Amino acid sequence: MSNQQAALENLRVIRSLMEKAHIYRAISVKAALSGGGFALFLASRGILAETDGRAGLSSTEFLASWLALLVVVSALNLWHLSREAKLREQTLVSAGMRMALKAVTPALLAGGIFGCGLAIHFHNLSLTAFIWTTCYGLALLSASGFSPQSLVRLGWMFLATGLLLFWLWSSNSEYLPMLSDARIASITMGLTFGLLHIGYGIAVLFSKKPEPLPAE
């Protein structure tokens, strides 16, 4: 398929989504709420791991726990999206999902590789958390053309929070000896993947009016 044909196909899919008054939501609200709760629990364990003289999380423990959570929440999200698709009498692997995957994969892939490399080879969990947060925000924004405004706002919040926390960390490193690398990373993950997802889920759940279509 040529570039022109691919562009025409993408336009056809977007027009089809708009004609059905349906915007593709890549994150289920229920999965966002439950995933945010799991993330807060995991972050709190990382923050409290060094209390009472106990050793903090190692890079391997941090990486393994958060990647395991990623697998669980991704499976949960797919399950919820599948149920929602059945209610709309649509297939799970729809044109909207294929477009969303094409849009978000580059940023997620880059963030995953950079973050895991920093944790495994450099044992720098703070930078890992900053990169994961920032690249996740970029991934959400990459699908802004056919996503609901709530997901676009969530993407901007992840991006802004990741950049702000990185700036504070890099410019105040001499004032942070009381916070270990693992604690900073856990706080970052709790604030973003925990609280931001919960806030997003609550906002969408209690929204009384339908979200507007993206501008053409």
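Bear in mind that the values here come from a model prediction, so they are computed numbers and not experimental data.

Q: I'd like a description of the packing of aromatic side chains, backed by residues and values.
A: The geometry of an aromatic ring pair is captured by the separation of the ring centres together with the interplanar angle, meaning the angle of the planes. For the structure on display, the rule yields eight aromatic pairs. Plain terms: the ring middles of F62 and W132 are 6.2 Å apart, the flat faces sit at 10° to each other, and that makes the pair stacked. Placement of F62 in helix α3 (residues 59-87) and of W132 in helix α5 (residues 125-142) is noted, with a sequence separation of 70 residues between them. For the pair F62 and W132, one class covers both residues: buried. Both rings, one in Y136 and one in F158, keep their centres 4.7 Å apart while their planes meet at 70°; by these two values the pair is edge-to-face. Pair noted here: Y136 is in helix α5 and F158 is in helix α6 (residues 149-171), with a separation of 22 residues, a long-range link. Each of the two residues, Y136 as well as F158, counts as buried.

Q: An account of the environment of L195 is needed here, citing residue identities and associated values.
A: Topologically, L195 is positioned in helix α7 (residues 181-205). Once the C-alpha coordinates of L195 and A32 are considered, the two residues, 163 residues apart in sequence, prove to be 10.0 Å apart. Not counting residues within four places of it along the chain, the set of residues in contact with L195 comprises L40 and G190.

Q: Tell me about the packing of helix α2 (residues 29-48) against α7, residues and numbers included.
A: The contact between α2 and α7 brings their axes to 7 Å, and the two run at 155°. With respect to their mutual orientation, α2 and α7 come out roughly antiparallel. Our pair here, α2 against α7, has a crossing hand that is left-handed. Here the contact of α2 with α7 is built from residues that sort into 15 nonpolar, nine polar and one charged.

Thresholds applied
Residues numbered from 1 in each chain as written. Predicted model: local features only at pLDDT ≥ 70, side-chain atom pairs only at ≥ 80, totals over all residues. Heavy atoms only, no water. Phe/Tyr/Trp six-rings, centres within 6.5 Å; stacked < 30°, edge-to-face > 60°. Helix = DSSP H or I, 4+ residues; strand = E, 2+ residues; numbered from the N terminus. Buried < 20%, exposed > 50% of the residue type's maximum accessible area, 1.4 Å probe, protein only. Contact = heavy atoms within 4.5 Å. Axes fitted to C-alpha atoms, helices over the stretch in contact; angles between N-to-C directions. Parallel < 35°, antiparallel > 145°, perpendicular 65-115°, else oblique. Left-handed = near helix turned anticlockwise from the far one by under 90°. Nonpolar A, V, L, I, M, F, W, Y, C, P; charged D, E, K, R; others polar.

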